[in-house]
Amino acid sequence: MNIELNIANLVAQGIKNLYHQELTATELTIQPTKKEFEGDFTFVTFALTKLLRKKPEEIGEEIGKFLKENNPFIANYNVIKGFLNLKLSQSFWLQTLATIAATPNFGNAAFHGTKVMVEYSSPNTNKPLHLGHLRNNFLGYAVAEILKANGYDVMKTNLVNDRGIHICKSMLAYQKFGEGETPETAGMKGDHLVGKYYVVFDKANKQQIQELVAQYQQDTPNEDIEKLKEKAGKNTPLILEAQEMLKKWEEGDAETVDLWKKMNGWVYAGFDETYKMMGVNFDKIYYESNTYLLGKNVVEEGLAKGVFFKKENGSVWIDLKEEGLDEKLVLRADGTSVYITQDLGTADYKYADFPMEKSIYVVGNEQDYHFKVLFTILKKLGRNYAGGMYHLSYGMVELPSGKMKSREGTVVDADDLIAEMMTIAEERTKELGKIDDFSSEDAKNLYRMLALGALKYYLLRVEPKKTMLFNPEESIDFQGDTGVYIQFNHARIASLIRRADLLHIPYHSESFVAKATLQEVEIELLKLISFFPQRIQEAANEYSPSVIADFAYQLSKAYSRFYNELSVFNEPDEATKSMRLALSAETAKAIKNAMNMIGAEVPERM
RNA sequence: GUUUUGGUAGCUCAGUUGGAUAGAGCAACUGCCUUCUAAGCAGUAGGUCAUUGGUUCGAAUCCAAUCCAGAACACCA
């Protein structure tokens, strides 16, 4: 359903009849009429003045008259300057409601099976998830769901960064200071425990840097302090030991690998719990420990094809100056991989797994350059899938004090934040006392729903690429433009529908089409629902869940207005009563569908 | 320095791809629960759309320059 397109077609027909000019519907501007004017949709005539050599008002008058006379759905029209405002008839809107009601999963596109992979989350296994990860996870999950709603065959993946020097840091600190502590003995989630040792490492290492710098200063008192710090950072006993450990790990040293397995196991258990709480999931999980050696064959291939070149010291590069980028290293002189080497190999690996037409990487905008380079290289290598690759780049979540820094303890922990939101949801719900008859299990489920709904909506309503601000002092709101407001409207409708069903009041199409009367608020609401398919498409085209979040909010707001202005059960006209129930039911369905698409659940009662 | 992304109400954000008098929420103020869930509704107040110039019937939106802020530019990941 696309009402604007239909109207554009009617206008095009009118132009053909009146002026003998062939214009396609997409060349014509149709938009919803601004609320301060009379009408539902507006055709902008300015653009035609040159072609038709007429005044904009004149064109509006002529087309308006033609449409009204030749189409029963056009009830009326008025012209203000270059704007032709068209009012659609009651019967048109009632028919629209009937069509929406008869369409299962209204808004969703038919399945076409185009394969798309969405990689998101991709955590490090050396520290627990924080607020920034929440934005990533919610975004990735939502984009995947939105693509599904648009008919794609979606594969959600997670590439876990489970090896490397940073992992060795936690391992080393644990080995030195852990005293055999486990998540059980410490009473901590595994990811938090491992994160604790990452911090321990950092602290001890900082101490060593200071000591080294002091020593350097004695030896070379005239050297620049920053340079000394940099040098010290690379040479502390702890860093050297961590590097040694990494080497051992790569050689498969049994003791090191066992420790790594043990600690990663703790982290995975912790992550699983958090993922479950967040309501996100994956179809396949990749581990860097399995993929970090990939890509060397790609380097050979690139050399053979002349896409890459070798420098005298044996390192391999690609020249991307023509693309406005720089020279980029793809293999070290000692033959070992760099970050981009594995990403090249992993891209092939993923494609072999799932031959997708689109591949989306949900990764923060600090890696914009990296992905530009990666995609360019793959194109140059002639990968046919390269054209479908997309870096869904999102902005950082900042605190009023600036960036979150784990070293300064200003990180907002994901588990803590969710727990806090649940507590607030519980307090607020108990205050209102509307679910006193709930079992404690049902109540807890509601708190989780509300907490996560609030959090997801809060993070997803903002356009992905924008940096956003989170103020821990002010807890996330439950009023106004929030997830909870939307959930509240759903619960309210659910309550109406329960009552209608109990009283056996019908609300199928036959009970209202051609009989009921619609008020302005109802038409506004119906109009919004009818836009759902376009909004879903828009969200998919732009990989932007904020479009769906906004849709759910606009819809809830329109419903709230309707709910306060008009009564359902006190309406004397039976057909109109049925229509209002049907309208409510369809609103609830659209709200639920939209909220599910951004990963938020919606309650029947709250 | 180069590249890149932003700058809209006191605060947090929208703005349907160039359309009419730029919108929401929060915070402030005023009304509305004997009535389908008030986690609500209605209203008041709040703007040099960073600045300047350009493109045209028409610019928050497109182009150029400038200012401010963030990020990236490692034989790190």
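This text goes with the structure placed above it.
Source: prediction; values computed, not measured.

> So what exactly am I meant to see when it comes to the pairing of strand β11 (residues 358-364) here?
Sheet faces and side chains relate simply in a regular strand, where the side chains alternate between the two faces. Within β11, 6 of the 7 residues are buried, leaving the element largely enclosed by the surrounding structure. Examined bridge by bridge, β11 and strand β12 (residues 389-394) share 6 bridges and lie parallel to one another. Within β12, the position partnered with Y361 by the bridge is H391. For the crossover from β11 across helix α15 (residues 368-380) to β12, the handedness is right-handed.

> Looking at this model, I keep getting lost on the sheet that holds strand β2 (residues 41-44). Mind explaining?
Sheets are built from strands that pair by backbone hydrogen bonding, the pairs being arranged parallel or antiparallel. With respect to topology, 4 strands assemble into an open sheet ordered β1-β2-β4-β3, the strand pairing being antiparallel. The open sheet terminates on both sides in strands that have one partner only, identified here as β1 (30-32) and β3 (74-80). Along the sheet, successive strands turn relative to each other by an average axial angle of 25 degrees, direction set aside. Pairing of β1 with β2, which is carried by 3 bridges, proceeds in the antiparallel orientation. Within β2, the position partnered with P32 by the bridge is F41. Sitting on the sheet, helix α1 (residues 3-19) is in contact with β1, β2, β3 and β4 (83-88), with an inclination near 135 degrees to β1.

> Honestly, a positive patch on the surface in this entry has me stumped. Any pointers?
A contiguous patch of positive charge, built from K34, K35, K557 and R561, is present on the exposed surface. Tracing the backbone shows K557 in helix α21 (residues 545-565). Residue class for K557 comes out partly exposed when judged on its relative accessible area of 33%.

> Looking at this structure, how should I read the side chain of K350?
Take K350: it is sitting in helix α14 (residues 339-353). Non-local contacts of K350, meaning those with residues more than four positions away in its chain, are made with M117, E119, T157, Y286, M356, S359 and Y361.

> Explain the packing of helix α19 (residues 520-530) against helix α22 (residues 574-597) to me, please; I cannot follow it from the model alone.
When two helices pack together, you describe them by how their axes are tilted relative to each other and by the distance separating the axes. Closest axis-to-axis distance for the α19/α22 pair is 10 Å, and the angle between their directions is 35 degrees. Between α19 and α22 lies a crossing of left-handed hand. Note on element contacts: α22 touches α19 through M579, R580, L583, E586, T587 and A590, opposite E522, L525, L526 and I529. A class-by-class count of the residues in the contact of α19 with α22 yields 6 nonpolar, 1 polar and 3 charged.

> Before we go on, may I ask you to explain the pattern of salt bridges in this structure?
Under the defined criterion, the tally for this structure stands at 35 salt bridges. One salt bridge connects D353 with K284, and the closest N-O pair in it is separated by 2.8 Å. Of this pair, D353 sits in helix α14 while K284 sits in strand β7 (residues 284-287); the two residues are 69 residues apart in sequence, bridging distant segments of the chain. We classify D353 as partly exposed; its relative accessible area is 34%. Residue class for K284 comes out partly exposed when judged on its relative accessible area of 29%. In this structure, D550 engages R535 in a salt bridge whose closest nitrogen and oxygen atoms are separated by 3.7 Å.

About the cut-offs
- Residues numbered from 1 in each chain as written.
- Chains lettered and ligands numbered in written order.
- Predicted model: local features only at pLDDT ≥ 70, side-chain atom pairs only at ≥ 80, totals over all residues.
- Heavy atoms only, no water.
- Buried < 20%, exposed > 50% of the residue type's maximum accessible area, 1.4 Å probe, protein only.
- Helix = DSSP H or I, 4+ residues; strand = E, 2+ residues; numbered from the N terminus.
- Pairing = 2+ DSSP bridges.
- Right-handed = clockwise from strand over helix to strand, strands pointing away.
- Axes fitted to C-alpha atoms, helices over the stretch in contact; angles between N-to-C directions.
- Contact = heavy atoms within 4.5 Å.
- Patch = residues over 30% accessible without salt bridge, like charges linked within 9 Å, V, L, I, M, F, W, Y side chains within 5 Å.
- Areas by Shrake-Rupley, 256 points an atom, 1.4 Å probe, with all protein chains shown as cover.
- Salt bridge = Lys/Arg side-chain N within 4 Å of Asp/Glu carboxyl O.
- Lys, Arg positive; Asp, Glu negative; His and termini not counted.
- Charge placed at Lys NZ, Arg CZ, Asp CG, Glu CD.
- Left-handed = near helix turned anticlockwise from the far one by under 90°.
- Nonpolar A, V, L, I, M, F, W, Y, C, P; charged D, E, K, R; others polar.

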